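Report on the structure
Here is how the chains run, residue by residue.
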Amino acid sequence: MQRLCYLVLKRLFCLQVTAGSADRMVYIWNASSRQIEYKLPGHLGSVNDAVFHPKEPIVASASSDKQIYLGELSKWS
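If you're wondering where the values come from, they're calculated on a predicted model, not measured in any experiment.

Cut-offs and rules
Residues numbered from 1 in each chain as written. Predicted model: local features only at pLDDT ≥ 70, side-chain atom pairs only at ≥ 80, totals over all residues. Heavy atoms only, no water. Buried < 20%, exposed > 50% of the residue type's maximum accessible area, 1.4 Å probe, protein only. Helix = DSSP H or I, 4+ residues; strand = E, 2+ residues; numbered from the N terminus. Pairing = 2+ DSSP bridges. Phe/Tyr/Trp six-rings, centres within 6.5 Å; stacked < 30°, edge-to-face > 60°.

**As for the pairing of strand β3 (residues 26–30)**
Counting buried positions along β3 gives four out of five residues, so the element sits mostly inside the fold. The pairing of β3 with strand β4 (residues 35–40) spans five bridges and is antiparallel. The residue bridging W29 from the neighbouring strand is I36, located in β4. Between the end of β3 and the start of β4, which pair antiparallel, lie four residues, with R34 showing a positive phi angle near 60 degrees.

Encoded structure:
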């Protein structure tokens with residue numbers, strides 16, 4: 001079982017959830033439809049944290065590979 005870190009953010013009547021995972025990916029789901037909207041690769045180690053920017057369509061992630069990545073999302077629900 002993989003440990004996931006969750007952050008919930010409400011934007012324009014749509015609830016999105018992001019999670020970092022031991023599979024080295026950052027996931028972003030639409031909580032209403034329960035569909036994965038993004039699966040972001042790049043880290044070389046387990047992703048320990050993932051957070052949304054409070055105003056912009058950006059997600060930040062930190063990993064056990066000691067790297068921090070910023071990802072700009074193409075659609076902002």
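**Description of the packing of aromatic side chains**
Following the criterion strictly, the structure yields one aromatic pair and no others. Ring centres 5.7 Å apart and planes at 20 degrees place the aromatic pair Y27 and W29 in the stacked group.

**Comments concerning unusual backbone geometry**
At R34, a position not held by glycine, the phi torsion is positive, near 60 degrees. Looking at where R34 falls in the secondary structure, it is placed in the loop between β3 and β4. Residues other than glycine seldom take positive phi values, yet K66 does so here, at roughly 65 degrees. As for its position among the elements, K66 is in the loop between β6 (58–63) and β7 (68–72). Overall, the relative accessible area of 77% leaves K66 in the exposed class.

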